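Residue-level listing of the chains:
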Amino acid sequence: MTSPNTTTDYKFFRVQDEGRIRIVTLNRPEAMNALHSEAHEELETMWDEFAANDELWIAIITGAGSAFSAGNDLKAVASGKRTDYGHSGFAGITHRFDLDKPLIAAVNGIAMGGGFEIALACDIIVAAENAIFALSEPRVGRIARAGGVHRLPRVIPQKLALGMILTGRRVSAAEGKELGFVNEVVPAGEALAGAKRWANLILECSPMAVRASKQSLFKGLMEPGLEIAMRKVYPAQHKNEESKDYVEGPRAFAEKRKPLWQNK
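Reference entry: report on the structure contained in this document.

Each value, and the rule that gives it
- Residues numbered from 1 in each chain as written.
- Predicted model: local features only at pLDDT ≥ 70, side-chain atom pairs only at ≥ 80, totals over all residues.
- Heavy atoms only, no water.
- Salt bridge = Lys/Arg side-chain N within 4 Å of Asp/Glu carboxyl O.
- Helix = DSSP H or I, 4+ residues; strand = E, 2+ residues; numbered from the N terminus.
- Pairing = 2+ DSSP bridges.
- Phe/Tyr/Trp six-rings, centres within 6.5 Å; stacked < 30°, edge-to-face > 60°.
- Buried < 20%, exposed > 50% of the residue type's maximum accessible area, 1.4 Å probe, protein only.
- Right-handed = clockwise from strand over helix to strand, strands pointing away.
- Arc of directions from axis to C-beta.
- Contact = heavy atoms within 4.5 Å.
- Axes fitted to C-alpha atoms, helices over the stretch in contact; angles between N-to-C directions.
- Left-handed = near helix turned anticlockwise from the far one by under 90°.
- Nonpolar A, V, L, I, M, F, W, Y, C, P; charged D, E, K, R; others polar.
- Polar contact = N/O pair within 3.5 Å; in protein donor to acceptor, adjacent residues only side chain to side chain.

**Remarks on the pattern of salt bridges**
Inference 1: Tallying each qualifying case throughout the model produces 15 salt bridges.
Inference 2: For R20, the salt bridge identified is with E55, shortest N-O distance 2.8 Å. Placement of the pair is R20 in the loop between β2 (13-18) and β3 (21-26) and E55 in the loop between α1 (37-52) and β4 (58-63), with a sequence separation of 35 residues.
Inference 3: Here the salt bridges do not stand alone but share partners, grouping D17, R22 and E49 into one network.

Now the structure itself:
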């Protein structure tokens, strides 16, 4: 049973659940979808619900209007308003290290500072050809502390990451693809459609195997060596191997039919 298609408008974003896919649209176009404490808190609650919902298997994050997200709301900072974020981080996801469900960023425009950090916290980045990326924090006296200075050099070579981090320079979608942090560049206006294509490819796979793969990858990267990482069986992998889906996959292959994943 899949979730019914629903749309829910929150104060700072909109949620559309389409079957197994949740689409989260940051919705402060007047501020280029920049975020402050109240927005982080609202997003955190929503992501908690997504993580606990067995009917939702994948999420896509995008932005309303011409921007993905300009990051931290600097006008709120200048006015003295709170802009800190809770334990789960910027937009409720940058410090959420226990979410094994796949996240896809549909970057439809500017992804600056915290906006780029939101995209880096996702597993796949689909960028419109007009998208712009930057860790611009040093230009306003700050550092990319919502994961930017740590995630980027784990995704692209260190010198290339430093070239972005130390200058705050802007990088096009095409250069992002060349550097290696963008998975696909699509025509302007088609970022969400491209992200949905990736989501549907993932939905062809066992959700338990997908989550076990993601968890094993990230936990394995924390191990001191390849052999240690490979010899460990991580919790989601163990759960996958004991699941009905672990049997359903080979059975469907043998019977020349599409598997019926139960997520259990």
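Now, onward.
**Focus on the sheet that holds strand β9 (residues 132-134)**
Inference 1: One open sheet accounts for 4 strands, arranged β5-β7-β9-β10; its pairing is mixed. Every other strand in the sheet has two partners, leaving β5 (67-69) and β10 (171-172) as the edge strands with one partner each.
Inference 2: One ladder, built from 2 bridges, connects β5 with strand β7 (residues 110-112); its direction is parallel. Considered in β7, the bridge of A67 is made with I110.

**Quick look at the packing of aromatic side chains**
Inference 1: The final tally for this structure, using the stated rule, is 5 aromatic pairs.
Inference 2: Ring geometry for W47 versus F50: centroids 5.6 Å apart, planes at 80°, classification edge-to-face. On the criterion of helical spacing, the pair formed by W47 and F50 is a turn pair, its members being 3 residues apart in helix α1. Both residues of the pair, W47 and F50, count as buried.
Inference 3: For the pair F133 and F181, a centre-to-centre distance of 5.1 Å together with 75° between the ring planes defines the contact as edge-to-face. Of the two residues, F133 is situated in strand β9 and F181 in the loop between α6 (173-179) and β11 (184-186); the sequence distance between them amounts to 48 residues.
Inference 4: Relative accessible area serves as the criterion here: at 4%, F181 is assigned to the buried category.

**What to know about the pairing of β3**
Inference 1: The buried count for β3 comes to 6 of 6 residues, which makes it a mostly enclosed element.
Inference 2: Along β3, one buried face is formed by I21, I23 and T25 and the opposite face, lined by R22, V24 and L26, is buried too.
Inference 3: Here 6 bridges tie β2 to β3, and the two strands are oriented antiparallel to one another. Within β3, the position partnered with Q16 by the bridge is I23.
Inference 4: Between β2 and the antiparallel strand that follows it, β3, lie 2 residues; G19 among them carries a positive phi value of about 65°.
Inference 5: Pairing of β3 with β4 involves 6 bridges; the strand directions are parallel. Across the sheet, the residue bridging to R22 is A59, located in β4.
Inference 6: As for the winding sense of the linkage, the β-α-β connection from β3 through α1 to β4 is right-handed.

**Structural notes on the environment of F90**
Inference 1: Within the secondary structure layout, F90 lies in the loop between α2 (74-78) and β6 (103-107).
Inference 2: Sequence-wise, F90 and G71 are 19 residues apart; in three dimensions their C-alpha atoms are separated by 8.7 Å.

**Here's the deal with helix α11 (residues 244-254)**
Inference 1: By the burial criterion, the buried members of α11 are D245, E248 and A252. Seen end-on, α11 carries its buried residues on one side only, within an arc spanning 50°. Seen from the buried face of α11, the exposed residues on the opposite side, beyond 90 degrees, are P250, F253 and A254.
Inference 2: Looking at the buried residues of α11, the elements they touch are α8 (207-221).
Inference 3: Positive backbone phi, at 55°, marks K256, one or two positions downstream of α11.

**Focus: the packing of helix α4 (residues 148-155) against helix α5 (residues 158-165)**
The angle between the axes and the distance between the axes are what describe a pair of packed helices.
Inference 1: Where α4 meets α5, the axes come as close as 8 Å, and the angle between the chain directions of the two elements is 145°. Between α4 and α5 the crossing geometry is right-handed. Facing α4, whose interface residues are G148, V149, L152 and P153, α5 presents A161, M164 and I165.
Inference 2: A breakdown of the residues in the contact of α4 with α5 according to their chemical character gives 6 nonpolar, 1 polar and no charged.

**Focus on the side chain of S243**
Inference 1: Along the chain, S243 turns up in the loop between α10 (235-241) and α11.
Inference 2: Classification of S243 as buried rests on a relative accessible area of 6%.
Inference 3: For S243, the side chain forms a polar contact with the main-chain oxygen of N240, separated by 2.6 Å.
Inference 4: Of the polar contacts made by the side chain of S243, one reaches the backbone nitrogen of Y246; its length is 3.2 Å.

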